[in-house]
Amino acid sequence: MIGVVAHPEETELVQEFFELFKTPWEFYSTTGSYEVLLYAREDVAVADKPAPLVIIYGGGQTIFDKANSFQVTSRQKQRTLLYKGQRLPLYCFLVTFLTGNEGILHDEESGLPAGIIENRGAYTLVRIGYDIFQEMRFLLTEGQPADNAGIPSLEVHIAILRELMIRSGVSFLEVPPIPMGYAFMACLSHDIDHPLIRVHKWDPTMFGFLYRALIGSILAIFRGQGNVWQLLKNWAAVARLPFIYLGVARDFWYEFDRYLNIEGDSKSTFFVLPFKNQPGQNESGHAPKARASGYAAADIAERLQQLVAAGREVGLHGIDAWTDSCKGENERNEISRITCATKIGVRMHWLFFDKDTPATLEKAGFSYDSTFGYNETIGYRGGTLQAFKWLRTTSLLELPLHIMDTALFYPAYLYLTPKKAESRISNIIADALRYGGVITINWHDRSLMPERLWGDVYIRLIHELKAKGCWCASGEHVVSWFQARRSVVFQKSDHCIGVRLQNQDANLDEQIPALRVRTYNVNGVTGYSSQADTDILLTGNTNLRFHLEVSVTPSP
Ligand SMILES: [Zn+2]
């Protein structure tokens, strides 16, 4: 059990932190007994009766530093740390240390330790020169700048804390963000922006298509982004266009259900625009005309119903839901009307979002959001691979967006060759294998068809994910899994910790894999396996009890 000492205004942050690092904890009480004491206040002295592991976070000089003559440098901002070769950007204050203790992480520029560890006989003391909860606040509100998109910062913060606990030898357990039977998760999703080319006559979408198909296909060959076969396919599509307008040839953009074949048994989510010809609002008033959709959900109702019948999720691709809860409700109702679904997830068109959007979406009754990501690059805006609850909302979960096809291939964005795109994606898969969690992918509706023809990369990606033990699922299923994990409660009695799943519904859906409990340095597990350091299945009917014995032999 971790006892946490934090500022009262950080209560919600601390609670959310321990949904992401799902391990037994409580706010410190003088009557409690703890394996770990975690201080995130500069103005509080360490308890007289410390725990086997004491960790003090703080990006300024603390009372403890003064009392123990710990020499710290002056506070600095915007620093990057190195932890076992992994870069970790900080967004709030940092102090580094001028003591002879063992450094566990270092300031990249000065090389000075930003975290030190000291053996004090009865307990291990760790002093870390930043505030973990303030870092988390920045990540889950502002989000990382695109330059740091490749670093899952919040996962690294959690990994450092977990590793300190393992090293110190204390017993603890965790419900990791890894479903039983799998190595990690992927949410497969498709924003439906252009399902019909026939509605684009003499407009920028049509001229853009013609230019990219006729000229862009030639340039793509020289840049190593396309081949002759794709060029011929695109030219043939252009030749077919007049016949599509005449209504005598098949509309090749109306084939986004080809994703069903590619994904096979795995479910995915299609985010659909509700109304046509509405650019909606941006932060300064009217959004550009180009944001208006050429179709309404009702125009493709039949295909949407087929997707639902095939077990796929249809969500809202929102226009104004990000800024107006009444309009959001209206947009949500339009999707519900067509699909008869009651729970509707949302991703905003063009990823429109501001600090009030989570509360606005919650008020409009959405079951989750999946907008928090980048248009221009791929990676971790929130620094995390996990679904999280927004601060100042009651229940709305965010399924952060990580990989978008247009970010990879558009000339205005990364403009990568398929090979380079796959190498960037493989870094994210490596992170998911290391930290667990979910990779959220958006491959647009028309990306399989001319003139994009980005289907091969997607097919290889699905292959790769499945080969690496990934559970590929829709947004609603992934969110359900995280909700089940959030419903896990830990109960402490004497030297035992009970683990119970509160939300029994989560287990009724056979499509959602079970949770697991992972133990560290635990000697006795009652009722199940007596083997330590193993993963134990957690289902709705399970009531696990773990006997935690504090071992005081720190591993090397
Ligand atoms: Zn869109």
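For the structure itself, look to the data block above.
Owing to the predicted nature of the structure, the values given are computational and were not obtained by experimental measurement. (Residues numbered from 1 in each chain as written. Predicted model: local features only at pLDDT ≥ 70, side-chain atom pairs only at ≥ 80, totals over all residues. Heavy atoms only, no water.)

**Regarding the overall build of the protein chain**
Part 1: Within the protein chain one finds 14 helices and 28 strands.
Part 2: A compact globule built from 556 residues should have a C-alpha radius of gyration of about 24 Å, and the protein chain, at 25 Å, falls within 12% of that.
Part 3: Taken along the three principal axes of its C-alpha coordinates, the protein chain extends 85 × 50 × 45 Å.
Part 4: For the protein chain, the residues scored as buried account for 57% of the 556 residues in total. (Helix = DSSP H or I, 4+ residues; strand = E, 2+ residues; numbered from the N terminus. Rg over C-alpha atoms; globule rule 2.2 N^0.38 Å. Buried < 20%, exposed > 50% of the residue type's maximum accessible area, 1.4 Å probe, protein only.)

**Quick notes on the sheet that holds strand E7 (residues 102–107)**
Part 1: Pairing in this open sheet of nine strands is mixed, and the strands run E2-E1-E3-E4-E9-E8-E7-E5-E6 from one edge to the other. If you trace the sheet from one side to the other, it starts and ends with strand E2 (25–27) and strand E6 (86–89), each paired once. When the angles between neighbouring strand axes are averaged without regard to direction, this sheet yields 20°. (Pairing = 2+ DSSP bridges. Axes fitted to C-alpha atoms, helices over the stretch in contact; angles between N-to-C directions.)

**A closer look at the environment of Pro-242**
Part 1: By the element assignment, Pro-242 lies in helix H6 (residues 228–245).
Part 2: Its relative accessible area of 43% is what places Pro-242 among the partly exposed residues.
Part 3: Distance in space between the C-alpha atoms of Pro-242 and Ser-426 is 41 Å, their sequence separation being 184 residues.

**Brief notes about the coordination of the zinc ion**
Part 1: Binding of the zinc ion to the protein goes through Asp-193 (OD), Asp-193 (OD), His-317 (NE2) and His-349 (ND1), at separations of 2.1 to 2.8 Å.
Part 2: The site at the zinc ion holds four donor atoms, and with the angles between them running 50 to 124°, its shape is irregular.
Part 3: Each donor residue of the zinc ion belongs to the same chain, and together they define the spacing D-x123-H-x31-H. You can see His-317 sitting in strand E15 (residues 313–318) and its partner His-349 sitting in the loop between strand E16 (345–348) and helix H10 (357–363), a full 32 residues away along the chain.
Part 4: Owing to a relative accessible area of 1%, His-317 belongs among the buried residues under this scheme.
Part 5: Note on His-349: relative accessible area 6%, which makes it buried. (Donors = N, O, S within 2.8 Å, 3.2 Å for Na, K, Ca; no water. Tetrahedral: all angles 85-135°; square planar, octahedral: opposite > 155°, others 65-115°.)

**Section: a nonpolar patch on the surface**
Part 1: Taken together, the side chains of Tyr-211, Leu-214, Ile-215, Ile-218, Leu-219, Ile-221, Phe-222, Val-228, Leu-232 and Trp-235 define a hydrophobic patch exposed on the protein surface, amounting to about 940 Å² of accessible area.
Part 2: Elements with a minimum of two residues in the nonpolar patch: helix H5 (204–222) and H6.
Part 3: Here the element with the most residues in the nonpolar patch is H5; it accounts for seven residues.
Part 4: Tracing the backbone through its elements, the reader meets Ile-221 in helix H5.
Part 5: Among the residues examined, Ile-221 registers a relative accessible area of 30% and is labelled partly exposed. (Patch = residues over 30% accessible without salt bridge, like charges linked within 9 Å, V, L, I, M, F, W, Y side chains within 5 Å. Areas by Shrake-Rupley, 256 points an atom, 1.4 Å probe, with all protein chains shown as cover. Salt bridge = Lys/Arg side-chain N within 4 Å of Asp/Glu carboxyl O.)

**Focus on the packing of aromatic side chains**
How two aromatic rings sit relative to each other is set out by the distance from centre to centre and by the angle between their planes.
Part 1: Tallying each qualifying case throughout the model produces 33 aromatic pairs.
Part 2: The structure contains a cluster of three or more aromatic residues connected by ring pairs, namely Tyr-254, Phe-256, Tyr-259, Phe-270, Phe-409, Tyr-410, Tyr-413, Trp-443, Trp-454 and Tyr-458.
Part 3: Sitting above the plane of the Phe-93 ring, Lys-77 keeps its charged end 5.1 Å from the centroid. (Phe/Tyr/Trp six-rings, centres within 6.5 Å; stacked < 30°, edge-to-face > 60°. Lys NZ or Arg CZ within 6 Å of the ring centre and 35° of its normal.)

**Concerning the nonpolar core**
Part 1: Judged by nonpolar contacts, the single largest core of 122 residues is most densely connected at Tyr-130, Phe-133, Ile-439, Ile-441, Trp-443 and Leu-465.
Part 2: The biggest single contributor to this core is helix H4 (residues 153–168), with eight residues.
Part 3: The contacts of Trp-443, once residues within four sequence positions are left out, are Ser-189, His-190, Asp-191, Tyr-259, Ile-403, Asp-405, Leu-408, Phe-409, Trp-454, Val-457 and Tyr-458.
Part 4: Membership of the second largest hydrophobic core comes to 46 residues, among which are Phe-97, Ile-116, Val-175 and Phe-546. (Core = buried A, V, L, I, M, F, W, Y, C linked by side-chain atoms within 4.5 Å. Contact = heavy atoms within 4.5 Å.)

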